[in-house]
Amino acid sequence: MDRRSLLGLPAAVTLFALASCGAADQPSRQANGGTAMENDALTKINLTSDAFRDGQPIPIEYTCDGADKAPALRWDDAPQDTKSFALVVDDPDAPNGTFRHWGVFDIPASTRSIGGALHGGTEVSNDFGKAGYGGPCPPSGTHRYFFKV
């Protein structure tokens, strides 16, 4: 079986943005019987791509068998106090544990899309050992890929 026949890759697109990291910047609710930690929340942000749909195969051009280019991603508004974004693309089905395909941090808070050329943010080494995007390239089977901001 060649690798192309293995690339029936479902793309699971999941996104969560931390609206508040800690209790220090939140008003205390202890006087009212609550805790400052109750104010912390995860806010769901809609993440989309024109390259593929959630649960559908990732096109060959975004994999190691194609051009291995990063798919364009975009997201909607974030909480008002957002200082920056981070992006992680990983494969939880890799044989040796979760495999990171892309990591970017310090994406400016005004940014609402990423892909192709990176405009702001810092890319970290992926598990292929290089900075930047490394497309799906499973050794066997069907894998899921999670895109998270």
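Residues numbered from 1 in each chain as written. Predicted model: local features only at pLDDT ≥ 70, side-chain atom pairs only at ≥ 80, totals over all residues. Heavy atoms only, no water.

### Some words on the sheet that holds strand 8 (residues 113-114)
In step 1: Pairing is antiparallel in the open sheet, where three strands are placed in the order 4-5-8. Looking at the sheet topology across the chains shown, the edges are occupied by strand 4 (47-48) and strand 8.
In step 2: As paired elements, strand 4 and strand 5 (residues 73-75) share two bridges and run antiparallel to each other. When the sheet's bridge partners are listed, L47 is paired in strand 5 with W75. (Pairing = 2+ DSSP bridges. Helix = DSSP H or I, 4+ residues; strand = E, 2+ residues; numbered from the N terminus.)

### Examining the state of the cysteines
Here a disulfide denotes a covalent bond joining the sulfur atom of one cysteine to the sulfur atom of another.
In step 1: On inspection of all chains with the given rule, the structure shows one disulfide.
In step 2: There is a disulfide in this structure between C64 and C137, and the S-S distance comes to 2.2 Å. Judged by the torsion about the S-S bond (80°), the C64/C137 disulfide is right-handed. Taken together, the residues span a long stretch of sequence, with C64 in the loop between strand 4 and strand 5 and C137 in the loop between strand 9 (122-123) and strand 10 (145-148) at a distance of 73 residues.
In step 3: You can call C137 partly exposed: its relative accessible area is 24%. (Disulfide = S-S within 2.5 Å. Buried < 20%, exposed > 50% of the residue type's maximum accessible area, 1.4 Å probe, protein only.)

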